[in-house]
Amino acid sequence: MKNASASQTTLQDELLQAMAEHGGARSFPAHAILINEDDDSDSLFIIVSGRVKVFGASENGREIIYNTLGAGEYFGEMSLDGGPRSASVMTLEPTTCVVVPGSRVRDFLGKHPDFALHLIRKLIALVRRSTDNVKSLALDDVYSRVARLLNERAREENGKLVIGEKLTQQDIADHVGSSREMISRIFKQLTQGGYVAVEGKHITLLKKLPSGW
């Protein structure tokens with residue numbers, strides 16, 4: 001882990017730039033655990049470069065991925081109430097973050113109400129996402145959850161819908177709360193049907209996914 005000056009950040013959001021001045025930048029390798037669920041730490045992490053996953057794990061090691069975050073986003077705000085961490089966070093690739101101690105975050109919030117609104121909007125979006133995920137887990141079958149994930153992540157590139165981030169079948173299983181074997185069967189059928197193409201870990205949607213399977 002390397003230390004760097006917070007002034008070297010390339011954040012575009014002015015509020016996050018101002019917040020970053022109250023912390024120090026650190027670089028982490030891929031697959032480094034930044035936060036453990038139930039930890040008592042309260043620092044806020046602002047991502048300068050790289051990607052992380054926010055996840056929970058059972059005692060037997062099974063994971064569910066709540067979200068993935070990239071440059072310009074932040075995490076750790078849920079512990080600002082003094083409670084334990086609600087999820088674990090691990091880097092997916094080499095990642096640089098500005099780490100701001102919780103006490104400085106709270107001081108910053110008091111002096112910059114605009115950031116408080118920024119934080120409220122983020123928490124509202126998180127609640128909406130969580131509500132959608134719970135509804136999907138309760139009401140949708142595995143294929144519907146996979147299709148929803150693929151459609152949400154796909155972005156148009158050169159006339160094609162491409163999922164730019166690398167998603168393994170295990171990653172997808174962890175996102176939708178299923179087994180890798182089930183995801184493998186779904187992808188085999190989607191590939192044979194000409195709906196998706198998989199090159200390495202990159203997925204391309206060749207045509208509109210069917211509403212059901």
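First things first, this report covers the structure right here in the doc. All values reported here derive from a predicted model rather than from experimental measurement. (Residues numbered from 1 in each chain as written. Predicted model: local features only at pLDDT ≥ 70, side-chain atom pairs only at ≥ 80, totals over all residues. Heavy atoms only, no water.)

1. A word on the overall build of the chain
Okay, so step 1: When you go through the chain residue by residue, the secondary structure sums to six helices and 13 strands.
Okay, so step 2: In terms of C-alpha radius of gyration, the chain reaches 19 Å, essentially the compact-globule figure of 17 Å for 213 residues.
Okay, so step 3: Its C-alpha atoms give the chain principal-axis dimensions of about 55 × 35 × 30 Å.
Okay, so step 4: Counting all 213 residues of the chain, 39% fall into the buried class.
Okay, so step 5: Partitioning the contacts of the chain with sequence separation of at least 6, the portion at a separation of at least 24 is 67%.
Okay, so step 6: Carbon and sulfur atoms make up 50% of the accessible area of the chain, which totals about 12,000 Å².
Okay, so step 7: Distance from the positive charge centre (26 side chains) to the negative charge centre (27 side chains) of the chain: 5 Å. (Helix = DSSP H or I, 4+ residues; strand = E, 2+ residues; numbered from the N terminus. Rg over C-alpha atoms; globule rule 2.2 N^0.38 Å. Buried < 20%, exposed > 50% of the residue type's maximum accessible area, 1.4 Å probe, protein only. Contact = heavy atoms within 4.5 Å. Areas by Shrake-Rupley, 256 points an atom, 1.4 Å probe, with all protein chains shown as cover. Lys, Arg positive; Asp, Glu negative; His and termini not counted. Charge placed at Lys NZ, Arg CZ, Asp CG, Glu CD.)

2. Some thoughts on the sheet that holds strand β3 (residues 33-35)
Okay, so step 1: Read across the open sheet, the four strands follow the order β3-β8-β5-β6; overall the sheet is antiparallel. With partners counted over all chains shown, the strands left at the sheet margins are β3 and β6 (63-70), one partner each. Strand-to-strand, the axes of this sheet are offset by a mean angle of 30°, without reference to chain direction. (Pairing = 2+ DSSP bridges. Axes fitted to C-alpha atoms, helices over the stretch in contact; angles between N-to-C directions.)

3. Focus: the sheet that holds strand β10 (residues 155-157)
Across a sheet, strands are paired by hydrogen bonds formed along the backbone, either parallel or antiparallel in direction.
Okay, so step 1: Pairing within the open sheet is antiparallel, and its four strands lie in the order β10-β11-β13-β12. Where the open sheet ends on each side, the last strands, each with one partner, are β10 and β12 (196-199). Neighbour-to-neighbour, the strand axes of this sheet turn through a mean angle of 35°, independent of strand direction.
Okay, so step 2: In this sheet, strand β13 (residues 202-205) lies alongside strand β11 (residues 160-163) in antiparallel orientation, the contact comprising three bridges. Directly across from L161, in β13, lies its bridge partner L205.

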